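# Residue-level structural notes
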Amino acid sequence: MDKILGLGNALVDVLALLDTDEVLKEMELPKGSMTLINEDKLQKINQYFGRMKTRRVIGGSAGNSVRALACLGAGTGFIGKVGNDENGNFYRERLKFRGAESHLLVSPTMPSGVASTFISPDGERTFGTYLGAAATLTAEELSLEMFKGYAYLLVEGFLVQDHDTILRAIELAKEAGLQVCLDLASYNVVAEDHAFFLKLVNRYVDILFANEEEAKAFTGKEAEEALGVMAKMCSIAIVKVGARGCLIRKGTEEMFVKAVPVDKVVDTTGAGDYFAAGFLYGLSCGYSLEKCARIGSLLAARVVQVVGTELPEKEWEKIRKEIAESGILNN
């Protein structure tokens, strides 16, 4: 089985369930978006969270995918940067607990990054993200050795705040023979740095993940047309269309794969990350695109039924059993 390496912002997610969406207006956070915030805004959010029941888990888009892959039994690693603090230790321990190889760098001065996660009554999530130490990862800190032994590099679009670092990582990955996978991550991030995303995809990306809003921000087209545009730029293009499922195109091969139905969505945090994990797990095993998408859909369906992105080991045992018994993993 091929190994997968993740590169992204190492963030600790602090999760809060909302009764209404009014606080999003107060915090000036567009619903469903990821907004970068400064330390003053973080303190304001912390004051609000101090009056609520919250939960802490390790997060970051690529980090979520890597942990899910590890739980499926894939060989994984993660590159990121944390602070020399309790949150940094928490992140490292949780990565290792799930069996992922840790390539975490440490900032001696900046605190670990925190993603304040507001979960609306309809399950939609909105992030106010303070990058902290995560944003201090530099191109010079990356080495070819970090990429050796892996077959795929999964890069999160949220990392786009540092063009030099993301370009250096992709160049090293290509030098080491890896296929590059990019998850566009958030529609507003794509819109704000469209030219750079276009450059990345056209020059370097082999596998591209996007949801409907991200695909539209990237191409200016609705899902079906966006898929065609994206597929001309890379080897495999995937557009997730929510509860309906996903569209996939590779060359002239195109398909629609239905989503696994869910009775109640509790929290959409990590749904796209888990889909990417399942899809890449299938690729690492050499399965067909349809099987890859079915695994991704299964994982996404499970994570939206819990708060946050952590599933207990008993749930992972059920997932692995269900995948095997349903024939998804059988050639």
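It should be emphasised that the depicted structure is a prediction, and the values quoted were computed from it without experimental measurement. (Residues numbered from 1 in each chain as written. Predicted model: local features only at pLDDT ≥ 70, side-chain atom pairs only at ≥ 80, totals over all residues. Heavy atoms only, no water.)

What follows concerns the environment of threonine 35. With respect to the helices, strands and loops of the structure, threonine 35 is situated in strand S3 (residues 34-36). For the pair threonine 35 and valine 257, spaced 222 residues apart in the sequence, the C-alpha separation amounts to 31 Å. Not counting residues within four places of it along the chain, the set of residues in contact with threonine 35 comprises Leu29, Pro30, Phe127, Gly128, Thr129 and Asn188. (Helix = DSSP H or I, 4+ residues; strand = E, 2+ residues; numbered from the N terminus. Contact = heavy atoms within 4.5 Å.)

With that out of the way, let us pick up the pairing of strand S6 (residues 101-107). Examined bridge by bridge, strand S5 (residues 76-83) and S6 share 7 bridges and lie parallel to one another. The residue of S6 that forms the bridge with isoleucine 79 is histidine 103. Chirality of the crossover, the property in question, places the unit of S5, helix H4 (residues 86-97) and S6 among those that are right-handed. (Pairing = 2+ DSSP bridges. Right-handed = clockwise from strand over helix to strand, strands pointing away.)

Glancing now at the state of the cysteines. The tally for this structure, following the rule as stated, stands at 0 disulfides. Cysteine cysteine 181 is unpaired, with the sulfur of cysteine 234 as its nearest cysteine sulfur at 10.0 Å. Judged by relative accessible area, cysteine 181 falls into the buried class, the value being 0%. Free of any disulfide, cysteine 246 has its nearest neighbouring cysteine sulfur in cysteine 292, separated by 10 Å. Given the relative accessible area of 0%, cysteine 246 is considered buried. (Disulfide = S-S within 2.5 Å. Buried < 20%, exposed > 50% of the residue type's maximum accessible area, 1.4 Å probe, protein only.)

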